[in-house]
Amino acid sequence: ASLLRLAFHDAIALDTGTGKGGANGSIQFELDRRANYGLSRPLEALRPIQNAAKLSWADTIAVAGAEAVTAAGGPQIQVPLGRQDAATPDPFDLETKVGSCEGPTTPGGGVSCRGQVSTTLPDAG
């Protein structure tokens, strides 16, 4: 689960207005952000694989996320390689976010983002 969360947090910081961000390995510079708490462990677990495979961090994280989906019983996802690593963190406040999570209130008082997930990631189920 932590590898899937790592891949998601790396990819979701995409500014759809400027095209900046996305699955670019910038998560390695964003570990101090509250939303990314606990992601240093899965990142460090990938370090020997990344070094041995000589892949970019962006590709390593994307492949690990795809493999986590498969390991959880989801579909096999082909990940094209060749991403370039970011040299800096992605913007914290995106100009145009991938989506907003506005939906019906759940019994616990939170907001259901299921509709947003299916709109943003149509193959996510």
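Cut-offs applied
- Residues numbered from 1 in each chain as written.
- Predicted model: local features only at pLDDT ≥ 70, side-chain atom pairs only at ≥ 80, totals over all residues.
- Heavy atoms only, no water.
- Helix = DSSP H or I, 4+ residues; strand = E, 2+ residues; numbered from the N terminus.
- Buried < 20%, exposed > 50% of the residue type's maximum accessible area, 1.4 Å probe, protein only.
- Contact = heavy atoms within 4.5 Å.
- Areas by Shrake-Rupley, 256 points an atom, 1.4 Å probe, with all protein chains shown as cover.
- Lys, Arg positive; Asp, Glu negative; His and termini not counted.
- Salt bridge = Lys/Arg side-chain N within 4 Å of Asp/Glu carboxyl O.
- Polar contact = N/O pair within 3.5 Å; in protein donor to acceptor, adjacent residues only side chain to side chain.

A. Layout of the overall build of the protein. Check the secondary structure of the protein and you find four helices and zero strands. Looking at the protein as a whole, 28% of its 125 residues qualify as buried. A separation threshold of at least 6 residues defines the contact pool for the protein, and within that pool the share at least 24 residues apart is 57%. Surface summary for the protein: the accessible area is close to 8000 Å², and the carbon and sulfur share equals 56%.

B. Region of interest: the side chain of Asp10. For Asp10, the location among the structural elements is in helix H1 (residues 2-12). Notably, Asp10 is buried but unbridged: the nearest opposite-charge side chain belongs to Arg83, and the N-O separation is 7.1 Å. Polar side-chain contacts of Asp10 include one of 3.2 Å to the backbone nitrogen of Ile27. If near-sequence neighbours (up to four positions away) are discounted, Asp10 is found in contact with Gly22, Ala23, Asn24, Gly25, Ser26, Ile27, Ile61 and Asp90.

Any functional reading would require information that these geometric values do not contain.
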